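As a plain string of letters, each chain reads:
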Amino acid sequence: MWQKIAKIILRNRWFILAILLILTVFFGYFAFTGLKIDNKYGNMLPKNSVAQRNYYKFKKTFGEDGSTLVIAIQADSLYTETLFREWKELGDSILQIDGVNSVISEATLFSIHNNKEEQKFEAKRVFSDVTYQEKSIDDIRNEIKRNPIYDGILYNDSSNVSLMMVTMDERFLSDQKKSKVVLDIEELAESYSDDFGKVHFAGLPHIRVVVGKRIIREMYIFIGLAIFVTSLLLYLFFRSFRVVAICNAVVFIAVIWSMGSIGILGFNISIMMALIPPLMIVIGIPNCIFLMTKYHQEVKGHGNKIKALAVVITKIGTATFLTNFTTALGFSTFIFTNSEKLTEFGVVASLNIMIVFVLSICIIPIIASLSKKPKDRHLKHLERKFARGFLERLVQVTSFKRPWVYAIACLVLLLSGIGMAKMEATGNITGDLPDDDPILKDVQFVEKHFGGAIPYEILVNYKQPGRLFKSQTVRKVEAIQEMYAEDSLFSKSLSYVDFMKVVNMAYHENNPAFYKVISNRDKKRLKSYLDKFDMSSSTAGNMSLKELIDTTTTTLRIRTQMKDIGSYEVADKVDSMLLKVDSILNPEKVRWEAAYEQYSKGKQSYIDTLLQDPGIYNTMTVLLSKGDSELLMEFDLDPEKIKSYYKQEDFKEKLREAIDQEYFGVVFTGTSVVASEGTQYLVKNLITSLLFAVITISLLMALLFRSWRMVLISLVPNVIPLLFTAGVMGWMGIPLKPSTLLVFSIAFGISVDDTIHYLAKYRQELKSHKWELKQCVINSIRESGLGMFYTSIVLFCGFSMFSFSQFGGTQALGLLVSLTLLVAMVTNLVLLPSLLLTLDRRITTKSFEEPYFEVYDEDSDIEWDDLQVKSQLENNPQEEEQDA
């Protein structure tokens, strides 16, 4: 097959180049016009997960929870005429910007006043006269400070920190170009820093837009770094600018295709997706090295350039294909995580890795055939003393130091096991940011003064419309808020109960003493006021009541923010709070469930215990009457009548329904909860994906080598580096999170390439040297070791460049993958040959010698006389004859 491919490539050089050029222009168009930034932060859950469905339902009901940009200042003298006017001026200026829905600060507040004559509430701005003729600055300060709802939401009186909350249009935040409005707002706010001091920014819009900007900038920086590093290494290896240029042509086209494919598929650029273009360089260069090294070896052997290129395609085409395929398999495991972002990453990465193979196998032979034959100085790297000395040292170790090799391997495994026991799983929204990052510093500033910065929502389904304003319901919601107020992880919460307190205070001339739940006596007096009042107007904390209650779904919202702690800590807190909130909302639940369980066991006397509750009884009578008003009246007149229905077949189901109807439902959601669930989900699924990668690649190697013993042996040098890296993570305190878990699947898919190259060469040597096992192992090291060494160095340096990222996850990914691949090179060049020598004929079976298909084809299989290629040298017959 590869002979035919070689003929097609070398006979149709200009046609193939033209096709590649057209496709490159096509992909380039989408690369520069179709790329969009994915700046939605932290949500990695699949769409069908319970937490994701709850979050979508919340957003559909109440809107986005992460659309508020927070501007914070710490000013001892904000309440001076000049500074307060400027604070209002800043808010008014921001409100005029397209994409801003509302601005709330101490200078934009409304207060509610009791118009006793018309018996209605009137909303008036606290501060509207910038000349201070209507109110003095002291009057304004007193009016704001006397309303308890603002303390802890808009200001912290003890530390003199004030907030301005800017609600953004989600359509602007999701659009790459329009999202720059956030940066414009921040630039405008910073222009007032001479008056207010340092301006801090928090909220998800700030994080999303600034991080999105960094992602794009880093992608281009890493592309440049990757080209520079790999070009330098290529020149050091080959000492030829021509080789550097040819290899760069391959990866440059691969970068354009990878970026274009992202745009064509409609995917967005996320932190992970931005790694793909530079990864194409890092992964593509080893292809180039293997092909160029083989090309130089062939040219040195017989001097015929065209024959050498045909041999390159024919002899190692399968091996290069398989190494790319196994690497693609490592990335493709992310497709099965059921996470939209990781699935997209897996699709694009695995697809483009195979594209890199196609580009390499086409472009290198074609350009090399159109170029001059390598000169002797370009072939000297094949005999470089350092490289040959390195390989001979490996031969000595595997031949005579195998006990030491095994001892060191066991020691590494022991230390790795101890380190793995120290590993901890975590992950939070700002966890990938360095400790001194301005984003993290500002988030911590807001957390310090207000208790939390990441949205956390409590949704309570009160199920029956008449329940909402009942004193019992109001007291329960108030108890939940008081419980959260005592927890330092959360900011001050807000609910419709706070709205009721503000209304009650307004009714009593804005007396702070009446900032409390409305009494039953006052409810009747306030009814006429509330009927005339616009519930959608800004009132409690400048929020409308409709943002806190949805009567169509009988859902009320308790809104708060949580500190950005680890995902598993969030999960533990959610679990503990769920029990506490449920006990507040449903104090009878334990007793009712115990009674229902006894009834389910046949003890009908417990039915009476349950029906003693008026709510359960009334719901049961409604269910049993089935809309018959006369029957419902009979139940009301004769409570004993219901006993005649105890024997009905569906009575138990109706009783279950009646009990459930009395319970308040509660759901915790918001960005903090979804991000926590997403991290835990990914950790579990990435571990599964890693196992899938190991099994899949093992099956592939079984197909290649037809020997399960050889497959097991080949896994040893590839699993040890993974365990070593896990141990290093444990010893160094690097947490296990999605960004670090990616390391193992990626590194395994790449490191196994060396194993395939070595074992394929080893099998070829077995056939050539008639089962002289020791000589075969040694020859395999000498033949394939140099390419393995070169590519490992390139991969190590290529992945190491990610350590310059501003994101901790990307840094860890680069460093850990580099470390893993470096260890894998050593194990594949030292441990694998040692195991082959030690176990010799017990693992090298006849089926291993005769596989289903060859990875390296033999020269004897190639009909060189059938290869006819018009080379550029045909115009000079004498030189062509000399090359032959």
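Residues numbered from 1 in each chain as written. Predicted model: local features only at pLDDT ≥ 70, side-chain atom pairs only at ≥ 80, totals over all residues. Heavy atoms only, no water.

Trainee: Sorry, what's going on with the overall build of the chain here?
Mentor: Scanning the chain from terminus to terminus reveals 32 helices and eleven strands. Taken along the three principal axes of its C-alpha coordinates, the chain extends 115 × 80 × 50 Å. Per-residue burial for the chain yields a buried fraction of 59% across its 884 residues. Put simply, of all contacts in the chain between residues at least 6 apart along the chain, 79% involve residues at least 24 apart. Taken as a whole, the chain presents about 37,900 Å² of accessible surface, with 56% of it coming from carbon and sulfur. Between the averaged position of the 97 positive side-chain charges in the chain and that of its 99 negative side-chain charges there is a distance of 6 Å. (Helix = DSSP H or I, 4+ residues; strand = E, 2+ residues; numbered from the N terminus. Buried < 20%, exposed > 50% of the residue type's maximum accessible area, 1.4 Å probe, protein only. Contact = heavy atoms within 4.5 Å. Areas by Shrake-Rupley, 256 points an atom, 1.4 Å probe, with all protein chains shown as cover. Lys, Arg positive; Asp, Glu negative; His and termini not counted. Charge placed at Lys NZ, Arg CZ, Asp CG, Glu CD.)

Trainee: Even after reading the chapter, I still don't get the pattern of salt bridges, so can you show me in this structure?
Mentor: It is possible for side chains bearing opposite charge to pair when their charged atoms get close. Within this structure, the stated rule accounts for 23 salt bridges. The shortest N-O distance in the salt bridge between Lys-501 and Glu-478 comes to 3.1 Å. Pair noted here: Lys-501 is in helix α18 (residues 496-507) and Glu-478 is in helix α17 (residues 471-485), with a separation of 23 residues, a long-range link. Accessibility classification places Lys-501 together with Glu-478 in one group, the buried group. Salt bridges sharing partners connect three or more residues here, namely Glu-106, Lys-145 and Asp-157. (Salt bridge = Lys/Arg side-chain N within 4 Å of Asp/Glu carboxyl O.)

Trainee: Teacher, can you tell me more about the sheet that holds strand β8 (residues 454-461) here?
Mentor: Within a sheet, each strand pairs with its neighbour through backbone hydrogen bonds, oriented either parallel or antiparallel. Taken in spatial order, the four strands make up an open sheet running β9-β10-β8-β11, and their pairing is antiparallel. The sheet is open, and its two edges are formed by β9 (549-550) and β11 (665-669), each paired on a single side. Examined bridge by bridge, β8 and β11 share five bridges and lie antiparallel to one another. Across the sheet, Ile-458 pairs through a bridge with Phe-668, a residue of β11. (Pairing = 2+ DSSP bridges.)

Trainee: Hey, could you run me through the packing of aromatic side chains in this one?
Mentor: To describe a pair of aromatic rings, you give the distance between the ring centres and the angle between the ring planes. Applying the stated rule across the entire model yields 26 aromatic pairs. A ring pair is formed by Phe-469 and Tyr-496, whose centres lie 5.7 Å apart and whose planes are at 80°; its orientation type is edge-to-face. With Phe-469 in the loop between β8 and α17 and Tyr-496 in helix α18, this residue pair connects regions lying 27 residues apart in the sequence. Since its relative accessible area comes to 43%, Phe-469 is described here as partly exposed. Taken together, the aromatic side chains of Phe-26, Phe-27, Tyr-29, Phe-30 and Trp-257 make up a single cluster linked through ring pairs. Lying over the aromatic face of Phe-172, Lys-178 brings its terminal NZ or CZ to 5.1 Å of the ring centre. Directly above the ring of Phe-664 sits Arg-467, whose terminal nitrogen or CZ lies 4.3 Å from the centroid. (Phe/Tyr/Trp six-rings, centres within 6.5 Å; stacked < 30°, edge-to-face > 60°. Lys NZ or Arg CZ within 6 Å of the ring centre and 35° of its normal.)

Trainee: Whenever I open this one, unusual backbone geometry confuses me. Can you help?
Mentor: Negative phi characterises most residues that are not glycine, and trans characterises most peptide bonds. We note that Glu-509 has phi near 60°; this positive angle belongs to a residue other than glycine. With respect to the secondary-structure elements, Glu-509 resides in the loop between α18 and α19 (520-532). Phi is positive for Thr-554, which is not a glycine, with a value near 45°. By the secondary structure assignment, Thr-554 is in the loop between β9 and β10 (555-562). Under the relative-accessibility criterion, Thr-554 is labelled buried at 11%.

Trainee: Would you take a moment to explain helix α25 (residues 651-662) for this structure?
Mentor: Since the α-helix packs 3.6 residues into each turn, any two residues three or four apart lie on the same face. Between its first and last C-alpha atoms α25 spans 17 Å; for twelve residues at 1.5 Å apiece the expected length is 16 Å, and the two agree. All of the buried residues in α25 are Phe-651, Lys-654, Leu-655, Ala-658, Ile-659 and Glu-662. The buried residues of α25 occupy an angular sector of 140° when the element is viewed end-on, so they sit on one face. (Expected span 1.5 Å × (residues − 1). Arc of directions from axis to C-beta.)

Trainee: Mind showing me how you'd approach the packing of helix α9 (residues 204-238) against helix α10 (residues 241-264) here?
Mentor: Geometrically, a packed helix pair is captured by the angle between its two axes and the distance between the axes. The contact between α9 and α10 brings their axes to 9 Å, and the two run at 155°. Accordingly, the angle class assigned to the pair α9 and α10 is roughly antiparallel. Crossing handedness for the pair α9 and α10: right-handed. Within the contact between the two elements, α9 uses Met-219, Tyr-220, Ile-223, Ile-227, Ser-231, Leu-234, Tyr-235 and Phe-238 and α10 uses Phe-241, Val-243, Val-244, Cys-247, Asn-248, Val-255 and Met-259. (Axes fitted to C-alpha atoms, helices over the stretch in contact; angles between N-to-C directions. Parallel < 35°, antiparallel > 145°, perpendicular 65-115°, else oblique. Left-handed = near helix turned anticlockwise from the far one by under 90°.)

Trainee: Explain the environment of Phe-390 to me, please; I cannot follow it from the model alone.
Mentor: When you line up the elements, Phe-390 lands in helix α14 (residues 385-400). Residue Phe-390 is classed as partly exposed on the basis of its relative accessible area, which comes to 24%. As for Phe-390 and Met-562, which are separated by 172 residues in sequence, their C-alpha atoms are 56 Å apart. Among all residues touching Phe-390, those that are not within four sequence positions of it are Phe-789 and Leu-829.

Trainee: Would you mind going over the nonpolar core with me for this structure?
Mentor: The nonpolar side chains of a soluble globular protein tend to be buried with one another. Counting 171 residues, the largest nonpolar core has Ile-269, Phe-331, Leu-359, Tyr-758, Tyr-762 and Phe-799 as the members making the most contacts within it. The dominant element in this core, judged by the number of residues it contributes, is helix α13 (residues 340-370), at 16 residues. One finds Leu-69, Leu-83, Tyr-155 and Val-502 within the second-largest nonpolar core, a separate group that totals 85 residues. (Core = buried A, V, L, I, M, F, W, Y, C linked by side-chain atoms within 4.5 Å.)

Trainee: How should I be thinking about a positive patch on the surface in this particular structure?
Mentor: A cluster of like positive charges, contributed by Lys-177, Lys-180, Lys-213 and Arg-217, occupies part of the molecular surface. With respect to the helices, strands and loops of the structure, Lys-180 is situated in the loop between α6 (170-174) and α7 (181-190). (Patch = residues over 30% accessible without salt bridge, like charges linked within 9 Å, V, L, I, M, F, W, Y side chains within 5 Å.)

Trainee: Even after reading the chapter, I still don't get the packing of helix α1 (residues 2-11) against helix α12 (residues 305-332), so can you show me in this structure?
Mentor: Relative to each other, α1 and α12 sit at 130°, their axes nearing to 9 Å. By the angle between their axes, α1 is oblique relative to α12. The two elements α1 and α12 meet at a crossing, and its hand is right-handed. The segment α1 lies against α12, with Trp-2, Gln-3, Ile-5, Ala-6, Ile-9 and Leu-10 engaging Ile-306, Leu-309, Ala-310, Ile-313, Thr-314, Gly-317, Thr-318 and Phe-321. For the contact of α1 with α12, the class distribution of residues is ten nonpolar, four polar and no charged. (Nonpolar A, V, L, I, M, F, W, Y, C, P; charged D, E, K, R; others polar.)

Trainee: Quick question: what am I supposed to make of a negative patch on the surface here?
Mentor: Side chains of Glu-424, Glu-569, Asp-572, Asp-575 and Glu-677 sit close together on the surface and give a patch of like negative charge. Among the elements that make up the negative patch, the one with the highest residue count is helix α20 (residues 567-585) (three residues). Along the chain, Asp-572 falls in helix α20.

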